[in-house]
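Listed below are the residues making up each chain.
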Amino acid sequence: MGDLLLDSKQLQSRGISLQRSDRGGRATWHGPGQAVVYPVVSLSELEMGVAAWVCLLEEAVIEVLQG
């Protein structure tokens, strides 16, 4: 992976494991305390564009974090 900043030995020395995925995109690091969600939806079925979907997700996260 050309977008990783550390080689496999450096990752291992820091206790970081590499998991390959076919989700697309570049390398992403997830650490302790993070909550990660990958919603899989059909935007065409929701009759939404990408920008509207991102705004909806942003609003939902804000509401959840505000409690």
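Residues numbered from 1 in each chain as written. Predicted model: local features only at pLDDT ≥ 70, side-chain atom pairs only at ≥ 80, totals over all residues. Heavy atoms only, no water.

1. Some details on the pattern of salt bridges
Then, in step 1: Under the criterion given, the structure shown has 1 salt bridge.
Then, in step 2: Its salt-bridge partner being Arg-26, residue Asp-3 comes within 3.5 Å of it at the nearest N-O pair. Placement of Asp-3 in the segment before helix 1 (8-13) and of Arg-26 in the loop between helix 1 and helix 2 (43-46) is noted, with a sequence separation of 23 residues between them.
Then, in step 3: Classification of Arg-26 by relative accessible area gives exposed; the value is 63%. (Salt bridge = Lys/Arg side-chain N within 4 Å of Asp/Glu carboxyl O. Helix = DSSP H or I, 4+ residues; strand = E, 2+ residues; numbered from the N terminus. Buried < 20%, exposed > 50% of the residue type's maximum accessible area, 1.4 Å probe, protein only.)

2. So, the confidence of the model for the chain
Then, in step 1: In the predicted model, the chain carries a mean pLDDT of 88, and the fraction of residues at 70 or more is 99%.
Then, in step 2: Within the chain, no element has a lower average pLDDT than helix 1, which sits at 92, and none a higher one than helix 2, at 95. (pLDDT = per-residue confidence, 0-100.)

3. Here's the deal with helix 3 (residues 50-66)
Then, in step 1: With 17 residues, helix 3 should cover 24 Å at 1.5 Å per step; its first-to-last C-alpha distance of 24 Å lies within 8% of that length.
Then, in step 2: One or two positions beyond helix 3, positive phi appears at Gly-67, with a value near 70°. (Expected span 1.5 Å × (residues − 1).)

4. Remarks on the environment of Ile-62
Then, in step 1: Relative to the assigned elements, Ile-62 resides in helix 3.
Then, in step 2: Along the backbone, Ile-62 and Asp-22 are 40 residues apart, and their C-alpha atoms lie at a distance of 29 Å.

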